[in-house]
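# Working through the structure, step by step
Here's the letter readout for the chains.
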Amino acid sequence: MTTKPYIRLITAFLVFSINPFVLPAKSRAESIDHRSINSKVGSLLSKMTLEEKVGQMTQLTIQAVSDTSGPDAGKLDLRKLKDAIVRYHVGSLLNVYDSSLSVGAWDTLITTIQNVATKETRLKIPILYGIDATHGAIYAKDATLFPQPLNMASTFNTDLAKKEGEITALEVRACGIPWIFFPVMDVGRQPLWSRLYETYGEDPYLASQMGTSFIEGAQGNNIGAPDKVATCLKHYVGYSFPLDGEDRTPAWIPRRMMKQIFLPSFQAGVNAGAPTVMCNSSEVNGIPGDANYYLLTHVLRNRMKFRGFVVSDWGDIENLYTRFKVASSQEDAVRMAVMSGVDMSMVPMDYSFYNLLIKLVKDGKVPMWRINQAVTRILRVKFELGLFKDAYPDAELRKQFASPSSNKTNLEAAEESITLVKNEANLLPLSKNAKVLVSGPTADRLSTMNGGWTITWQGNVESLYPKDKMNPLQAIEAKIGKRNVTYLPGCTYDSLLDVDTIAHVAKNVDAIILCLGERTYAETPGNINDLTLPTAQLKLAETAIATGKPVVLVMFEGRPRIIDKIVRGSRAILIGFLPGMDGGEALANILFGDANPSGRLPVTYPRYVNALYHYDYTNQEVTGGDVYDPQWTFGYGLSYTKFEYSDLRLSSQEISKGENLIASVNVTNSGKIPGQDAILLYLGEEYRQVTHPVKQLEAFQKIVLQPRQTKEVRFVITPEQMSFIGLNNRRTIQPGTFKVTVGSLSRKFVLTGSN
Ligand code: BGC
């Protein structure tokens, strides 16, 4: 990770206040003795010098303590390391020099680092090493690399999110790393955004459920357990809604929307016990994430009751001066961020933050209480993680690294995440005797199924990918035999190759499998100006369709690229998004009937560039001639079997404010093969004091059904789920008539009480 994204400059400055709805905090770790930790932190803090304290607030990238040129480039430079830890008292390091390391190499690296920290410093405070873990232990060679979060959301399977958390934690800890920068709790409401795939989709409830399940798996009830890690909620808050769709560009989010859509998933993560939060690297309402006192202190601390520490994103404190221009000097930037509520600076290359913060304290511009507060929060996490007892990698965990059972879970996740959105005349599954032509730029790569944050930051170095994993083409060949598969690249992402030969080659096949989509990217390098799939790929598809052979379209992409032109002509369509390292095998299993698809779209798939809807549109969006007409709506997804919903019933036709309601529905598999179904329950209220979604996801459950089997599914709808952010910008419940919808069934109930 050498370069970092540019951020547009801002000039506007608007202050607004937020008063979010606070849910009660869940107790996070029975087995953590908070009282004893508090007293240990207090006693350690009392021994620390100002320099030692500010060092704890400083985080450097591993590049800053490595050789950067010559034959040893990338190797840890012991002199620089000692300088950082012994002389500057640096308390935290992050990431990798360039690409992933073997677990053994991690072991050596972390051991060297902790040796310096715990043996050569006065107070022996261990280093808190942090790493990105967007879809597994992404910087550990041969780790179990899951579908990206957008895909995990497509599974609508919280058990899988929890298992991903468990496996990721184990594999990251096996490297000796106790802290991950995940889950991304940003709600993905901007389909153009290059980081959409890092989110759990467009719905706050779905994001909250998937994110908290991940945290539960990763942290258990004690982050100090040898196979658990501390999670980090990012990027607090509003980063995911850039107005112009480009990464790190301004978001304007009014208070009601902030509280209704963007804060709840972070609140859920805080309630689930995430002990760290990373700042929004961009700006909301004219205020950069690291300078937003309201959001970082008033809202996050006072309202949401977050007790852990806040880390800046990459270089963002300096950016307050250099990019955002809200601070008039680098020193002012440090003061602004620290006094807004940032506890640790991801500096990440030098000692500017360290030097300036010490100066600010000495000059009386940052009070000592604020330093003590930040350091207390950081040390508490180090104690909770058990680092003072043992800061070293656990060799035992290595035996379970990338185990066959983790791999099996990963394959299941990939299969459940690939979403079937069209299957005309049951073209799929194809017969294993079929002869197929495979074409398209994402057919012969692992990288395009994994996306950014895979082995390297951009994830695009195909040669570094594991040799034992199958890309789509290899997986199809393995499934039906090489002799039944013809491969033609067709085009690159944006230019034509051998398109003209398709008609000729297609004569001898039964079907054409077209793997289209996006090149691999992360963050700002993934910015685009047009959501439409590049012309070359559309042309390839049109040429394939014109052959008259049935075309199966498979999309591997980090965001929903517009494909309206080729939807009608394609007989079957699978939205693969980024299904991870086992995506090829999962795809082949689905194409040829060894797996039954059960994914549902976690975002609305747009049909037109100028119609970027969300599923939770308001009444006025669908009256007066306007239509909600996306390509496929949020929650859409088909199966090879048929599920029928019947007998939707409510525990009562009338309830009073504060009461729960129970909704039940019978689900029957009336097809011929077993299948899984995610049952989605939506709620809508007839009238509200502010405009409101016609329907909103309030519950879901995924079940397995054998042919002819029926199961009753029960949902509890709580008062919170009947609430909304009202006229006064506070969470409100308004008595009235509600509609519960499951599939095509709906029932009404009345909520009584006074306003
Ligand atoms: C990203 C974060 C990431 C950090 C460390 C930043 O550029 O925005 O999501 O955790 O880098 O790699």
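As a further point, take the state of the cysteines. The full count for this structure, using the stated rule, is zero disulfides. Looking at C491, it has no disulfide partner, and the nearest cysteine sulfur is the one in C515, 11 Å off. Residue classification places C491 among the buried positions, given a relative accessible area of 2%.

Further remarks concern the pattern of salt bridges. Tallied over the entire structure, the rule returns 40 salt bridges. When the shortest N-O distance is used, the salt bridge between E644 and K642 registers 3.1 Å. A salt bridge links R688 to E685; the nearest nitrogen and oxygen atoms lie 2.7 Å apart. R688 gets classed as buried once you look at its relative accessible area, which sits at 15%. Judged by relative accessible area, which is 4%, E685 ranks as buried. The network of salt bridges with shared partners includes R195, E198, D247, R248, D313 and E523.

This part takes up the side chain of K53. Looking at the secondary structure, you find K53 in helix α2 (residues 50–56). A distance of 2.8 Å separates polar atoms of two side chains, one belonging to K53 and the other to N372.

A few words now on the domain arrangement of the protein chain. Domain assignment breaks the protein chain into domain 1 (34–400), domain 2 (418–622) and domain 3 (643–752). Listed by partner, the interface residues are eight residues for domain 2 and 17 residues for domain 3. Interface of domain 2 and domain 3: buried area, both sides summed, is about 1,000 Å²; carbon and sulfur atoms make up 49% of it. When the area that domain 2 buries against domain 3 is broken down by residue, the three leading residues are S598, R600 and Y615, summing to 49%. Connecting domain 2 to domain 3 are one salt bridge. One salt bridge in this structure joins D677 and R600, with 2.9 Å as the shortest N-O distance. Where domain 2 meets domain 3, there are six residue pairs in polar contact (both at pLDDT 80 or more).

This brings us to the pairing of strand β14 (residues 511–517). The buried fraction of β14 amounts to seven of the seven residues, a majority that puts the element mostly inside the structure. Burial of β14 is two-sided: the residues A511, I513, C515 and G517 facing one way and the residues I512, L514 and L516 facing the other way are all buried. As paired strands, strand β12 (residues 436–439) and β14 are joined by four bridges and run parallel to one another. Pairing of V438 across the sheet is with I513, part of β14. Sheet analysis places β14 next to strand β15 (residues 551–556), joined by six bridges and oriented parallel. Bridge pairing in β15 places I513 opposite V552. Since β14 and β15 lie parallel, the crossover through helix α19 (residues 535–546) that links them has a hand, and here it is right-handed.

Evaluation of the coordinates by the stated rule reveals 21 aromatic pairs. Seen in terms of ring centroids, F182 and F214 are 4.9 Å apart; in terms of plane orientation they differ by 85°. Their pairing is edge-to-face. Within this pair, whereas F182 is found in the loop between β4 (179–181) and α7 (204–219), its partner F214 is found in helix α7, the two being separated by 32 residues in sequence. We note that F182, like F214, is buried. Judged by centre distance (4.3 Å) and plane angle (40°), the rings of Y617 and Y628 are tilted. You can see Y617 sitting in the loop between α21 (583–591) and β17 (643–650) and its partner Y628 sitting in the loop between α21 and β17, a full 11 residues away along the chain. These aromatic residues form a ring-pair network of at least three members: F156, Y205, Y615, F634, Y682 and F700. Taking NZ or CZ as reference, K234 lies 5.6 Å from the ring centre of W453, over its face.

Here six strands make up an open sheet; going across it, the order is β11-β16-β15-β14-β12-β13 and the pairing mixed. Edge positions in the sheet fall to β11 (419–423) and β13 (485–488), since each of these pairs with one other strand and no more. The mean angle between the axes of side-by-side strands here comes to 15°, regardless of whether they run parallel or antiparallel. Alignment of β11 against strand β16 (residues 572–575), held across four bridges, turns out to be antiparallel. Its bridge partner lying in β16, T419 is registered against I575. Sheet contacts for helix α17 (residues 472–480): β12, β13, β14 and β15; angle to β13, the most-contacted strand, approximately 165°.

For the bond running from F182 to P183, omega is 10°, close enough to zero to count as cis. Residue placement: P183 occurs in the loop between β4 and α7. Going from Y236 to V237, the amide bond is cis rather than trans, its omega being -5°. Within the secondary structure, V237 sits in the loop between β5 (232–236) and α8 (255–271). Despite not being glycine, K124 shows a phi value in the positive range, around 55°. Here K124 lies in the loop between α4 (103–119) and β3 (128–132). Residue classification places K124 among the partly exposed positions, given a relative accessible area of 44%. Here I455, not a glycine, exhibits a phi torsion of approximately 70°, which is positive.

This part covers the nonpolar core. Formed by 216 residues in total, the largest nonpolar core has its most connected members in W106, Y236, L357, V436 and I513. Not counting the four nearest positions on each side in its chain, Y236 is found in contact with L263, F266, V277, M278, C279, N280, L295, L296, V299, L300 and M304.

As a further point, take the sheet that holds strand β21 (residues 696–705). Sheet architecture is open: five strands sit in the order β18-β26-β25-β20-β21, paired in mixed fashion. Of all the strands in the sheet, the pair left with one neighbour each is β18 (654–656) and β21. Taking the axes of each pair of neighbouring strands and ignoring which way they run, one obtains an average angle of 25° across the sheet. In this sheet, β21 lies alongside strand β20 (residues 675–685) in antiparallel orientation, the contact comprising nine bridges. Bridging from a neighbouring strand, G675 pairs with L705 of β21.

Scoring rules and cut-offs
- Residues numbered from 1 in each chain as written.
- Predicted model: local features only at pLDDT ≥ 70, side-chain atom pairs only at ≥ 80, totals over all residues.
- Heavy atoms only, no water.
- Disulfide = S-S within 2.5 Å.
- Buried < 20%, exposed > 50% of the residue type's maximum accessible area, 1.4 Å probe, protein only.
- Salt bridge = Lys/Arg side-chain N within 4 Å of Asp/Glu carboxyl O.
- Helix = DSSP H or I, 4+ residues; strand = E, 2+ residues; numbered from the N terminus.
- Polar contact = N/O pair within 3.5 Å; in protein donor to acceptor, adjacent residues only side chain to side chain.
- Domains from an automatic or database assignment.
- Contact = heavy atoms within 4.5 Å.
- Buried area = accessible area lost by both parts, 1.4 Å probe.
- Pairing = 2+ DSSP bridges.
- Right-handed = clockwise from strand over helix to strand, strands pointing away.
- Phe/Tyr/Trp six-rings, centres within 6.5 Å; stacked < 30°, edge-to-face > 60°.
- Lys NZ or Arg CZ within 6 Å of the ring centre and 35° of its normal.
- Axes fitted to C-alpha atoms, helices over the stretch in contact; angles between N-to-C directions.
- Core = buried A, V, L, I, M, F, W, Y, C linked by side-chain atoms within 4.5 Å.

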